[in-house]
Amino acid sequence: DKDCTKTFWLLVVLLEQVLYPGTYARNLDGCHVEMGCLSQLLQQTQPKLAAHLQALGCEASLLATDWYLCLFATSLPAETAGRVWDCLLLEGRKVLHRLALALLAKAAPQLMQLDNAGEVLRCMKLFAAGRHNRDELMAAAFNDIGGLPRARIAKMQTAEGKRVSAMLETRAAKQSNPTY
């Protein structure tokens with residue numbers, strides 16, 4: 001019983017204090033915000049890869065939504081996902097950005113050779129599933145990505161939050177006034 005209680009409160013802390021608000025909301029508002037931030041970070045840290053993916057019509061959200069919603073538990077091997085969760089609970093949600101950017105950076109040589117979004121998705125799925133060396137991935141996430149100051153991320157999240165709110169309002173207006 002005590003383990004169930006501890007697990008419950010850990011989940012509450014994760015949802016209410018660690019992850020971006022609204023990540024699991026009905027419209028995934030928070031997830032949309034985080035995907036927008038990831039897209040910006042990818043453009044800033046890996047502009048060639050970002051441009052290549054954009055040319056293929058492969059938005060970062062296609063690759064990373066599952067990573068963020070499942071907190072890498074369904075895409076990385078269990079031992080690596082466990083390390084991600086440790087870091088997430090200790091360092092906060094920007095760890096998700098670090099890990100996503102590290103995975104994309106490590107896979108970039110392969111991704112740059114691909115010519116369609118479907119192959120990119122397949123490649124990333126296999127690449128992530130093969131990341132058994134958790135120390136190597138964490139070193140890339142924390143040493144190779146560069147600084148991700150919380151203030152910079154917060155500024156991006158604020159701007160993305162406004163963009164997402166406007167997008168969802170437009171979507172709701174279209175749904176309430178269908179034109180057939």
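If you're wondering where the values come from, they're calculated on a predicted model, not measured in any experiment.

Engineer: Any chance you could explain the nonpolar core here in plain terms?
Structural biologist: Ranked by size, the top nonpolar core spans 55 residues in total, and within it Trp67, Phe72, Leu103, Leu111 and Met124 carry the most contacts. At eleven residues, the largest contribution of residues to this core is made by helix α6 (residues 94–111). When residues no more than four places from it in sequence are discounted, the contact partners of leucine 103 are Trp67, Phe72, Leu76, Met124, Phe127, Ala128, Arg131 and Leu137.

Engineer: How do you make sense of a nonpolar patch on the surface when you look at a structure like this?
Structural biologist: Together, Leu11, Leu15 and Tyr24 give the surface a local cluster of nonpolar side chains, amounting to about 280 Å² of exposed area. Assignment of secondary structure puts leucine 15 in helix α1 (residues 2–18).

Engineer: Would you explain the state of the cysteines in this entry?
Structural biologist: Linking two cysteines covalently through their sulfur atoms gives a disulfide. Following the criterion strictly, the structure yields zero disulfides and no others. Of all cysteine sulfurs in the structure, the one in cysteine 70 sits closest to cysteine 31, which takes part in no disulfide; the separation is 9.7 Å. Lacking any disulfide linkage, cysteine 87 is separated from the closest cysteine sulfur, that of cysteine 70, by 18 Å. Since its relative accessible area comes to 14%, cysteine 87 is described here as buried.

Engineer: I'm lost on the environment of proline 109 in this one. Help?
Structural biologist: Positionally, proline 109 belongs in helix α6. Taking the C-alpha atoms as reference points, proline 109 and leucine 49, 60 residues apart in sequence, are found 9.0 Å from one another.

Engineer: I'm lost on the packing of helix α2 (residues 29–45) against helix α4 (residues 60–69) in this one. Help?
Structural biologist: To describe two helices that pack against each other, one gives the angle between their axes and the distance between the axes. As a packed pair, α2 and α4 sit with axes 10 Å apart at the nearest point and diverge in direction by 125°. One element, α2, and the other, α4, form an angle in the oblique class. Handedness of the crossing formed by α2 with α4: right-handed. On the side of α2, the interface is formed by Cys31, Glu34, Met35, Leu38, Ser39 and Leu42, while α4 contributes Ala60, Ser61, Ala64, Thr65, Tyr68 and Leu69. Class assignment for the residues of the contact of α2 with α4 results in eight nonpolar, three polar and one charged.

Definitions and limits used
Residues numbered from 1 in each chain as written. Predicted model: local features only at pLDDT ≥ 70, side-chain atom pairs only at ≥ 80, totals over all residues. Heavy atoms only, no water. Core = buried A, V, L, I, M, F, W, Y, C linked by side-chain atoms within 4.5 Å. Buried < 20%, exposed > 50% of the residue type's maximum accessible area, 1.4 Å probe, protein only. Helix = DSSP H or I, 4+ residues; strand = E, 2+ residues; numbered from the N terminus. Contact = heavy atoms within 4.5 Å. Patch = residues over 30% accessible without salt bridge, like charges linked within 9 Å, V, L, I, M, F, W, Y side chains within 5 Å. Areas by Shrake-Rupley, 256 points an atom, 1.4 Å probe, with all protein chains shown as cover. Salt bridge = Lys/Arg side-chain N within 4 Å of Asp/Glu carboxyl O. Disulfide = S-S within 2.5 Å. Axes fitted to C-alpha atoms, helices over the stretch in contact; angles between N-to-C directions. Parallel < 35°, antiparallel > 145°, perpendicular 65-115°, else oblique. Left-handed = near helix turned anticlockwise from the far one by under 90°. Nonpolar A, V, L, I, M, F, W, Y, C, P; charged D, E, K, R; others polar.

On their own, these measurements won't tell you what the molecule is for.
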